[in-house]
Amino acid sequence: EVQLVESGGGLVQPGRSLKLSCVASGFTFSNYGMNWIRQAPGKGLEWVAYISSGSSYIYYAETVKGRFTISRDNAKNTLYLQMTSLRSEDTALYYCAREYYGLPAFDYWGQGVMVTVSS
Amino acid sequence: DIQMTQSPASLSASLGETVTIECRASEDIYSNLAWYQQKPGNSPQLLIYDANSLADGVPSRFSGSGSGTQYSLKINSLQSEDVASYFCQQYNNYPYTFGAGTKLELK
């Protein structure tokens, strides 16, 4: 069974940093591109970042470029999102999501981890 | 960025009814479109990819169509378990963008 389990969220002050993790199981993690997608409370979905299976290709939304860094450790089946210079507008539920057979549609999502940026 | 305009924002329908949700892209996205269902408190679930292909395990009452800038999701014979929010997503260009969502309720 495919599982994606996020962790690392919490309450953080503006300007501080936080690192999210997503542990994958039930599939060959190193074969899949992975994404971070977020959803502010009561709002829609916003794609945040993508990393290819071998980390050769990385893309970011403009809203996080220069502040967030996506990475992965295929040996540990883990995806990361390092978030720095956090702002109140980064408050959201952060999902990791797997691409669907090489397409940038997302077939498996984690349960999400909440990040709250507030003083 | 490609803007995805989804309509209606909310929809009320009866069991057994056919429901259609629309999504318009601000430019041609060449059928690089997915649809998702999100039930309250749950993560989104992929329904449709490449505008009209059914994802694994999705009931056949769901279908997608469209091309260019105009796309739609149709739900035939609405079931109670279809009560959810639905989102479209384009993946023709980075950044990938989503529609604002359609909240489907039972009448």
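As a reminder, the structure under discussion sits directly above these lines.
Quick look at the sheet that holds strand 3 (residues 19–25) of chain B now. All names here are of chain B. Spatial strand order, 1-3-8-7: four strands in an open sheet with antiparallel pairing. If you trace the sheet from one side to the other, it starts and ends with strand 1 (4–7) and strand 7 (62–67), each paired once. Strand-to-strand twist across the sheet, computed as the mean angle between neighbouring axes with direction ignored, equals 15°.

With that out of the way, let us pick up the environment of R67 of chain A. Residues and elements named next belong to chain A. Positionally, R67 belongs in the loop between strand 6 (58–60) and strand 7 (68–73). It is 5.2 Å that separates the C-alpha atoms of R67 and T84, two residues lying 17 residues apart in sequence. Residues in contact with R67, not counting those within four places in the same chain, are Q82, M83, T84, S85, L86, R87 and D90.

In this section: the packing of aromatic side chains. The geometry of an aromatic ring pair is captured by two quantities: the separation of the ring centres and the angle between the planes. Under the definition given, this model contains 17 aromatic pairs over all chains. Between the aromatic rings of W109 of chain A and Y36 of chain B, the centroid separation amounts to 5.7 Å while the plane-to-plane angle is 80°, which identifies the pairing as edge-to-face. Remark: Y36 of chain B occurs in strand 4 (residues 33–38) and W109 of chain A occurs in strand 10 (residues 103–109); the pair is interchain, linking two chains. Considered together, W109 of chain A and Y36 of chain B belong to a single accessibility category, that of buried residues.

The subject of this paragraph is the state of the cysteines. Working definition: the covalent bond between the sulfur atoms of two cysteines is a disulfide. Scanning all chains against the criterion turns up two disulfides over all chains. Note that C22 of chain A is cross-linked by a disulfide to C96 of chain A, the S-S spacing being 2.0 Å. One disulfide, between C22 of chain A and C96 of chain A, carries an S-S torsion of 55° and so falls in the right-handed class. Taken together, the residues C22 of chain A in strand 3 (residues 18–25) and C96 of chain A in strand 9 (residues 92–100) connect sequence positions 74 residues apart. Looking at C96 of chain A, the relative accessible area reads 0%, which means it is buried. Each sulfur in the disulfide pair C23 of chain B and C88 of chain B lies 1.9 Å from the other. Every disulfide takes its handedness from the sign of the S-S torsion; for C23 of chain B and C88 of chain B that torsion is 50°, giving right-handed. Of this pair, C23 of chain B sits in strand 3 while C88 of chain B is found in strand 9 (residues 84–90), placing the two residues 65 residues apart along the sequence.

All names here are of chain B. Summarising the element assignment, P40 is placed in the loop between strand 4 and strand 5 (45–49). On the basis of relative accessible area, P40 is assigned to the exposed category, the value being 74%. Separated by 44 residues in sequence, P40 and A84 have C-alpha atoms that sit 6.8 Å apart.

Below, the discussion takes up the interface of chain B and chain A. Facing 18 residues of chain B, the contacting portion of chain A comprises 20 residues. Between chain B and chain A, a total of about 1,700 Å² is buried, with carbon and sulfur atoms accounting for 67% of that surface. Taken together, the links from chain B to chain A amount to zero salt bridges. Where chain B touches chain A, the interface holds seven residue pairs in polar contact (both at pLDDT 80 or more). Listed by contribution, the elements that provide at least two residues to the side of chain B that touches chain A are strand 4, strand 5 and strand 9 of chain B. Grouping the constituent residues of the side of chain B that touches chain A by class yields 12 nonpolar, four polar and two charged.

Residues and elements named next belong to chain A. Inspection of the sheet shows strand 1 (residues 3–7) paired to strand 3 by five bridges, in the antiparallel sense. Each bridged residue has a counterpart across the sheet, and for S7 the counterpart in strand 3 is S21. Pairing of strand 3 with strand 8 (residues 78–83) involves six bridges; the strand directions are antiparallel. Bridged to S21 within strand 8 is Y80.

Conventions adopted
Residues numbered from 1 in each chain as written. Chains lettered and ligands numbered in written order. Predicted model: local features only at pLDDT ≥ 70, side-chain atom pairs only at ≥ 80, totals over all residues. Heavy atoms only, no water. Pairing = 2+ DSSP bridges. Helix = DSSP H or I, 4+ residues; strand = E, 2+ residues; numbered from the N terminus. Axes fitted to C-alpha atoms, helices over the stretch in contact; angles between N-to-C directions. Contact = heavy atoms within 4.5 Å. Phe/Tyr/Trp six-rings, centres within 6.5 Å; stacked < 30°, edge-to-face > 60°. Buried < 20%, exposed > 50% of the residue type's maximum accessible area, 1.4 Å probe, protein only. Disulfide = S-S within 2.5 Å. Buried area = accessible area lost by both parts, 1.4 Å probe. Salt bridge = Lys/Arg side-chain N within 4 Å of Asp/Glu carboxyl O. Polar contact = N/O pair within 3.5 Å; in protein donor to acceptor, adjacent residues only side chain to side chain. Nonpolar A, V, L, I, M, F, W, Y, C, P; charged D, E, K, R; others polar.

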